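Residues per chain are reported as follows:
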Number of protein chains: 2
Amino acid sequence: MQKFKFELKKEDGKARLGKITTAHGEIETPVFMPVGTRASVKTLAPNEVEEIGAKIILGNTYHLYLRPGTKVIQKSGGLHKFMKWDGPILTDSGGFQVFSLGFGAKDQTSKKLVKIKEDGVEFRSHLDGSKHFFTPKSVIQMQKEIGADIMMAFDECAPADADKDYARDAMARTHRWARECVEANKKVKPLYGYEQALFGIIQGVTYKDLRVESAKFISNLDFDGVAIGGLAVGEPEKVRNEILETVEPHLPKDKPRYLMGVGFPQDILNAVERGVDMFDCVLPTRLGRNGTVWTYRGKLNLMNSPFINDLNPIEKGCDCYACQNFTRSYIAHLLRESEILGIRLTSLHNLRFMMRFMEDIRNSIQENKFKTFKKDFIKKFER
Amino acid sequence: MQKFKFELKKEDGKARLGKITTAHGEIETPVFMPVGTRASVKTLAPNEVEEIGAKIILGNTYHLYLRPGTKVIQKSGGLHKFMKWDGPILTDSGGFQVFSLGFGAKDQTSKKLVKIKEDGVEFRSHLDGSKHFFTPKSVIQMQKEIGADIMMAFDECAPADADKDYARDAMARTHRWARECVEANKKVKPLYGYEQALFGIIQGVTYKDLRVESAKFISNLDFDGVAIGGLAVGEPEKVRNEILETVEPHLPKDKPRYLMGVGFPQDILNAVERGVDMFDCVLPTRLGRNGTVWTYRGKLNLMNSPFINDLNPIEKGCDCYACQNFTRSYIAHLLRESEILGIRLTSLHNLRFMMRFMEDIRNSIQENKFKTFKKDFIKKFER
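The shown structure was predicted, so the numbers you read here are calculated from the model rather than taken from an experiment.

**Re a positive patch on the surface**
Residues and elements named next belong to chain A.
Right, on to step 1. Residues Arg297, Lys375, Lys379 and Lys380 make up a contiguous surface patch of positive charge.
Right, on to step 2. Its location among the elements puts arginine 297 in the loop between strand S15 (292-295) and strand S16 (298-301).
Right, on to step 3. Accessibility expressed as a relative area gives 62% for arginine 297, which makes it exposed.

Shown next, in the form of structure tokens:
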């Protein structure tokens with residue numbers, strides 16, 4: 001069976017062209033990974049996700065553990081078979097969801113949903129209030145049951161406004177849990193006969209010295225890749241860019257680097273420029289469900305009145321099913337009528353846009369033209 | 001350009017095997033027509049509607065007139081191009097919607113939405129309360145703008161509990177309007193270069209003498225097909241069957257016969273047995289959106305708890321994308337999570353079920369085995 005592998009093929013400045021090999025296929029990097037939180041990339045069927053050129057998708061351990069439960073998935077022979085996606089899958093460890101339930105909430109009631117202990121986290125389900133306890137070991141066990149090609153270590157994602165003492169404590173827990181995940185991974189055999197890779201997560205909020213410490217610590221453990229967590233949670237672009245620059249020299253060159261939760265095209269360009277290889281974000285589908293579509297000339301909201309008479313496709317030159325077959329007029333009509341085909345078409349287009357965008361990024365690195373591509377892209381594309 | 005044509009190929013008792021030819025293709029009858037009220041068969045893309053074997057779909061003049069407006073559709077070159085469906089389309093005239101707005105409502109406020117006049121009907125939009133007036137002529141004009149292969153005459157669909165005097169008046173208006181529709185149809189040229197057929201509608205509530213009178217009147221006008229309206233609105237199965245039997249001898253053999261709004265498999269069998277060729281209904285997609293699926297062994301509600309652990313397809317032997325790829329377990333999970341793919345798969349399966357069911361009906365007529373088929377089917381299938 002194919003072992004997990006990363007090959008760094010080329011650099012253009014800090015921007016990297018690479019290839020990840022997993023048991024379920026190869027992934028050219030930089031890559032954007034569509035999010036299928038609950039075992040479905042929202043509104044789309046797996047054959048459509050494949051047709052738009054997605055090579056790897058995300059699942060979420062927290063959600064899948066609560067419903068349908070990892071045992072149900074195991075009964076089908078793992079998430080690939082359950083959802084009929086034969087390509088690589090990465091699962092988030094659930095850390096972010098567990099903590100965003102507590103810290104993301106503004107009121108005291110919600111904070112009580114989460115209790116952080118040194119050996120793990122107790123939380124209540126957002127669905128029914130039932131009590132659960134996640135540990136590094138249990139999170140690895142669940143991801144083995146899910147059968148992800150790439151598993152994520154369990155981390156504590158401290159809030160963006162955490163003070164330094166808290167940030168340091170959370171980082172220390174994250175590091176201890178990272179080590180425990182590596183140990184647990186060695187002990188629990190894969191259930192489905194293929195190797196599952198494990199990535200560590202760097203934390204440290206916006207404190208540069210903590211981020212450097214975390215980068216060094218995580219990079220030195222026996223992980224197959226390194227993720228940067230706790231960003232894209234509201235910090236200014238400048239701050240995020242500085243953290244990426246601070247962290248980058250401490251990251252191993254021979255492992256893929258994953259900036260979690262980042263998906264705005266401009267943010268992806270900033271991160272690729274600073275040596276990041278992997279991205280995920282719910283934005284393409286979430287915006288699509290609001291009627292917003294991305295094009296190389298910026299975004300359009302098809303709910304705006306002129307589009308009902310617009311016989312152009314969403315984006316000229318786009319090869320997606322939506323652009324090859326339908327006018328803005330028709331899609332605008334569907335969106336106004338809350339016809340589900342409308343949000344299918346906008347979601348499909350936005351994800352295909354991301355795939356074309358990432359391909360263009362990779363081509364520009366191949367040709368040593370990443371900086372020019374970035375400049376030209378940003379000139380035309382407004383957020 | 002291909003002219004509208006109906007060929008009666010075979011009879012098995014009163015059950016008929018036939019073929020309709022339209023400018024956009026041929027239709028084997030008996031046929032079930034999926035409903036695409038607002039220019040979309042709910043949750044599905046046109047390539048999927050084609051893949052499940054649908055040969056003709058419905059649109060609705062009332063809804064399309066209100067939004068996006070027939071002028072928007074005309075700008076795209078007609079409904080076929082607007083929604084990218086290259087097969088035949090039948091449009092309802094709007095009569096049923098206009099009247100169900102008024103009579104369907106239980107309270108006085110809603111009744112005021114509709115004012116029936118001798119030359120047409122004034123109504124208020126259910127969307128924004130704006131005032132509109134439909135006449136036989138305007139309804140033909142709109143259906144020309146939409147570009148339906150089969151247009152329906154404007155009729156008054158009286159309520160199931162109307163007294164005989166009212167039923168007679170409504171029928172008389174329907175007959176006068178039918179004549180006006182035939183006249184209007186001759187005067188308004190098709191806009192898109194192909195011939196558009198026109199069907200008349202028989203009314204008369206549940207009064208057999210009125211139904212006979214209406215059948216004779218409508219059958220003698222220059223229509224391409226004859227529809228039976230005002231049924232499937234809550235009358236007992238026995239009453240509907242009797243009306244069909246009473247009407248049938250007065251229908252022309254050489255025109256297709258369409259029972260509007262009927263879609264329960266058992267009801268279709270009853271009507272085919274009584275000489276009906278065409279059916280439409282929103283049930284397959286509406287039930288699908290509630291998690292209910294049809295199989296030859298009856299219906300299943302996938303929201304019921306055992307299905308989350310059921311690794312069977314919805315229906316063994318079904319060739320639809322849902323059954324070929326996914327387990328009840330996965331689809332049950334999607335439905336519980338309100339993931340849109342869930343209702344796409346149930347809608348797709350239910351429509352594919354209807355297509356297989358109609359094909360089996362046609363084959364049984366071909367082999368002079370319709371009665372046996374009906375008996376065997378009903379034995380297994382519970383409503």
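**Observations concerning the environment of Met278(A)**
Residue and element names in this part refer to chain A.
Right, on to step 1. Following the sequence through the fold, methionine 278 ends up in strand S14 (residues 278-281).
Right, on to step 2. Residue class for methionine 278 comes out buried when judged on its relative accessible area of 1%.
Right, on to step 3. Put simply, methionine 278 and glycine 147 are 131 residues apart on the chain and 20 Å apart in space, counted from C-alpha to C-alpha.
Right, on to step 4. With residues near it in sequence (within four places) discarded, methionine 278 still touches Ile20, Val31, Met33, Leu90, Ile150, Phe199, Pro256, Arg257, Tyr258 and Leu259.

**Quick look at the nonpolar core**
Right, on to step 1. Membership of the largest hydrophobic core comes to 198 residues, with the highest contact counts inside it found for Phe357(A) and Phe357(B).
Right, on to step 2. If we ignore the near neighbours within four places in the chain, the residues touching Phe357(A) are Pro265(A), Ile268(A), Leu269(A), Tyr296(A), Phe373(A) and Phe377(A).

**Observations concerning the relation of the copies chain B and chain A**
Right, on to step 1. In the superposition of chain B on chain A (RMSD 0.0 Å, axial shift 0.0 Å), the rotation amounts to 180 degrees. In symmetry terms, the pair is related by a two-fold rotation axis. Distance from the rotation axis, computed per C-alpha, reaches its smallest value in chain B at Ile340(B): 4.0 Å.
Right, on to step 2. Interface residue correspondence from chain B to chain A reaches 100%, placing this contact among same-surface, isologous pairings.

**So, helix H15 (residues 340-366) of chain A**
Residues and elements named next belong to chain A.
Right, on to step 1. For H15, spanning 27 residues, the distance from its first C-alpha to its last is 39 Å, which sits close to the expected 39 Å at 1.5 Å a residue.
Right, on to step 2. Burial runs high along H15: 23 of the 27 residues are buried.
Right, on to step 3. With its phi angle positive at about 55 degrees, asparagine 368 sits one or two positions after the end of H15.

**What to know about the interface of chain B and chain A**
Right, on to step 1. Facing 36 residues of chain B, the contacting portion of chain A comprises 36 residues.
Right, on to step 2. As a salt-bridge pair, Arg344(B) and Glu48(A) come within 2.8 Å of each other at their nearest N and O atoms.
Right, on to step 3. Linking chain B with chain A are 18 residue pairs in polar contact (both at pLDDT 80 or more), by the criterion used here.
Right, on to step 4. If you list the elements that add at least two residues to the side of chain B that touches chain A, you get helix H1 (46-51), helix H3 (70-75), helix H4 (79-83), helix H13 (321-325), helix H14 (328-336) and helix H15 (340-366) of chain B.
Right, on to step 5. The biggest single contributor to the side of chain B that touches chain A is H14(B), with 5 residues.
Right, on to step 6. The residue makeup of the side of chain B that touches chain A, split by class, is 17 nonpolar, 9 polar and 10 charged.

**Digging into the sheet that holds strand S7 (residues 114-117) of chain B**
All names here are of chain B.
Right, on to step 1. Reading across the sheet, the 3 strands line up as S7-S8-S9 and stay open at both edges, with antiparallel pairing between neighbours. The sheet is open, and its two edges are formed by S7 and strand S9 (131-134), each paired on a single side. Going from strand to strand, the sheet's axes swing by 15 degrees on average, the running direction of each strand aside.
Right, on to step 2. Where helix H8 (residues 164-187) meets the sheet, it contacts S7 and strand S8 (120-124), and its direction lies at approximately 70 degrees from that of S7.

**Overview of the packing of H14(B) against H15(B)**
Residues and elements named next belong to chain B.
Right, on to step 1. Closest axis-to-axis distance for the H14/H15 pair is 7 Å, and the angle between their directions is 125 degrees. Of the possible angle classes, the one that applies to H14 and H15 is oblique. At the point where H14 passes H15, the crossing takes the left-handed sense. Residues Tyr330, Ile331, Leu334 and Leu335 of H14 form the contact with H15, whose own contacting residues are Leu341, Gly342, Ile343, Leu345 and Thr346.
Right, on to step 2. Taken together, the residues of the contact of H14 with H15 sort by class into 7 nonpolar, 2 polar and no charged.

**Notes on the pattern of salt bridges**
All names here are of chain A.
Right, on to step 1. Inspection of every chain in the model, using the stated rule, returns 66 salt bridges over all chains.
Right, on to step 2. Where lysine 253 meets glutamate 11, a salt bridge forms, and the shortest distance between an N and an O atom there is 2.5 Å. With lysine 253 in the loop between helix H10 (237-247) and strand S13 (257-259) and glutamate 11 in strand S1 (residues 5-12), this residue pair connects regions lying 242 residues apart in the sequence.
Right, on to step 3. By relative accessible area, glutamate 11 is classed as partly exposed at 34%.
Right, on to step 4. For glutamate 315, the salt bridge is made with arginine 356, and the minimal N-O distance between the two is 2.5 Å.

**A short note on the state of the cysteines**
Residue and element names in this part refer to chain B.
Right, on to step 1. In this structure the tally under the stated criterion is 0 disulfides over all chains.
Right, on to step 2. Residue cysteine 318 stays outside any disulfide, its sulfur separated by 3.7 Å from that of cysteine 320, the closest cysteine.
Right, on to step 3. The exposure class assigned to cysteine 318 is buried, which follows from its relative accessible area of 2%.

**Here's the deal with H8(B)**
Residue and element names in this part refer to chain B.
Right, on to step 1. The end-to-end C-alpha separation of H8 is 35 Å, in line with the 34 Å expected for 24 residues at 1.5 Å each.
Right, on to step 2. Among the residues of H8, those classed as buried are Ala167, Ala170, Met171, Arg173, Thr174, His175, Trp177, Ala178, Cys181, Val182, Ala184 and Asn185.
Right, on to step 3. Where H8 begins, the capping side chain belongs to aspartate 163, and its oxygen is found 3.3 Å from the backbone nitrogen of aspartate 165.

Rules of the game
- Residues numbered from 1 in each chain as written.
- Chains lettered and ligands numbered in written order.
- Predicted model: local features only at pLDDT ≥ 70, side-chain atom pairs only at ≥ 80, totals over all residues.
- Heavy atoms only, no water.
- Patch = residues over 30% accessible without salt bridge, like charges linked within 9 Å, V, L, I, M, F, W, Y side chains within 5 Å.
- Areas by Shrake-Rupley, 256 points an atom, 1.4 Å probe, with all protein chains shown as cover.
- Salt bridge = Lys/Arg side-chain N within 4 Å of Asp/Glu carboxyl O.
- Lys, Arg positive; Asp, Glu negative; His and termini not counted.
- Charge placed at Lys NZ, Arg CZ, Asp CG, Glu CD.
- Helix = DSSP H or I, 4+ residues; strand = E, 2+ residues; numbered from the N terminus.
- Buried < 20%, exposed > 50% of the residue type's maximum accessible area, 1.4 Å probe, protein only.
- Contact = heavy atoms within 4.5 Å.
- Core = buried A, V, L, I, M, F, W, Y, C linked by side-chain atoms within 4.5 Å.
- Least-squares fit on C-alpha atoms with pLDDT ≥ 70 in both.
- Expected span 1.5 Å × (residues − 1).
- Polar contact = N/O pair within 3.5 Å; in protein donor to acceptor, adjacent residues only side chain to side chain.
- Nonpolar A, V, L, I, M, F, W, Y, C, P; charged D, E, K, R; others polar.
- Pairing = 2+ DSSP bridges.
- Axes fitted to C-alpha atoms, helices over the stretch in contact; angles between N-to-C directions.
- Parallel < 35°, antiparallel > 145°, perpendicular 65-115°, else oblique.
- Left-handed = near helix turned anticlockwise from the far one by under 90°.
- Disulfide = S-S within 2.5 Å.

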